[in-house]
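Below are the chains, spelled out letter by letter.
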Amino acid sequence: MNETIKQLWERKSVREYTNQPITNEEKEMILQAALQAPTAGNMALYSIIDIQDQKLKDELAIRCDHQPFIAKAPLVLIFLADYQKWFDIFQHYTSEEVKIEESDLLLACEDCMIAAQNAVVAAQSLGIGSCYIGDILENFEANQELLHLPQYAIPLCMVVFGKPTPSQINRKKPTRFALEDMVSVDCYREKTTEETIQMFEKQTGKSGEDLEKYIRAFAKRKFYALFREEMNRSSRAIIQHWIK
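A.B. asks: Explain the side chain of Arg11 to me, please; I cannot follow it from the model alone.
C.D. replies: Here Arg11 is to be found in the loop between α1 (3-10) and α2 (24-35). Of the buried charged residues, Arg11 lacks a salt bridge, with Glu10 as the closest side chain of opposite charge at 11 Å. Polar side-chain contacts of Arg11 include one of 2.8 Å to the backbone oxygen of Ser130. When residues no more than four places from it in sequence are discounted, the contact partners of Arg11 are Val120, Gln124, Ser130, Cys131, Tyr132 and Lys173.

A.B. asks: So what exactly am I meant to see when it comes to the environment of Asn232 here?
C.D. replies: Mapped onto the fold, Asn232 is located in helix α12 (residues 226-243). As for Asn232 and Glu138, which are separated by 94 residues in sequence, their C-alpha atoms are 8.0 Å apart.

A.B. asks: Would you mind showing me how to read unusual backbone geometry here?
C.D. replies: Glycine aside, a negative phi is what most residues show, and trans is what most peptide bonds show. In this model, Ala44 sits at a positive phi of 50°, which is unusual for a non-glycine residue. Turning to its location among the elements, Ala44 is positioned in the loop between α2 and β1 (46-51).

A.B. asks: Would you explain helix α3 (residues 54-63) in this entry?
C.D. replies: Structurally, the α-helix is built with 3.6 residues per turn, so residues lying three or four positions apart point the same way. Restricting attention to buried positions, one finds in α3 the residues Lys57, Leu60, Ala61 and Arg63. Buried residues along α3 cover an arc of 165° about the axis, so they all sit on one side. Against β1, α4 (68-72), β2 (75-82), α7 (140-147) and β4 (153-162) lie the buried residues of α3. Where α3 begins, the side chain of Asp53 points an oxygen toward the backbone nitrogen of Lys55, at a separation of 2.7 Å. Downstream of α3 by one or two residues, Asp65 has phi in the positive range, about 60°.

A.B. asks: How do you make sense of α12 when you look at a structure like this?
C.D. replies: Taking 1.5 Å per residue as the helical rise, α12 with its 18 residues ought to reach 26 Å, and the 27 Å between its terminal C-alpha atoms agrees with that figure. Taken as a whole, α12 has its buried residues at Phe227, Glu230, Met231, Ser234, Ala237, Ile238, His241 and Trp242. Buried residues along α12 cover an arc of 130° about the axis, so they all sit on one side. Those residues of α12 that are exposed and angled more than 90 degrees off the buried face are Glu229 and Gln240.

Each value, and the rule that gives it
- Residues numbered from 1 in each chain as written.
- Predicted model: local features only at pLDDT ≥ 70, side-chain atom pairs only at ≥ 80, totals over all residues.
- Heavy atoms only, no water.
- Helix = DSSP H or I, 4+ residues; strand = E, 2+ residues; numbered from the N terminus.
- Buried < 20%, exposed > 50% of the residue type's maximum accessible area, 1.4 Å probe, protein only.
- Lys, Arg positive; Asp, Glu negative; His and termini not counted.
- Salt bridge = Lys/Arg side-chain N within 4 Å of Asp/Glu carboxyl O.
- Polar contact = N/O pair within 3.5 Å; in protein donor to acceptor, adjacent residues only side chain to side chain.
- Contact = heavy atoms within 4.5 Å.
- Arc of directions from axis to C-beta.
- Expected span 1.5 Å × (residues − 1).

Spelled out as structure tokens, the structure:
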């Protein structure tokens, strides 16, 4: 495989970092790589906040489900789904009503996540680890105030970066689902329950009672969890705020 594909295969979430800093040159390369991402109509419906203030990092670590490694990361970037610049320029130069709606939010979300992934891949190629923080979707109103966000800029994802420790470098990457279970041809192929069980058996290496215990524990940690209640509440608030 070529070097780009190799980096994609080797990349994994990194939550422990050495004391080695990320240089200004490395940061600029990561940010410039983000800006090279595909974007709807070249509109760049996103923006990036580089969190440098340690107090802000500390606060975000608390708000994002009390994850201390966020505060210790040398580089913390918040990627915003951002239509504000286009709203402002349309308001200035056109006479028609400028109404930002749901499809605009979805397009901005797509642009935002593609840019974030470009940054993650660029960092990986530089030997810099990264971890997506989906919990930035929580506490929307408080984060809006903290980050001084206008109406059409919402925090969609946060990514933290740092040089991985040896234990993180050597840690095995979690097994992904098999290709044949993830790709269908021409239309969606709905699986039977048995086929779905087999899909998870291949991915987890577990079966029978072990698989059942694993899924029950996973559901309790990720689905039937308090953080998800807040994330859902906050997500509804984001949508309502966007289209009001």
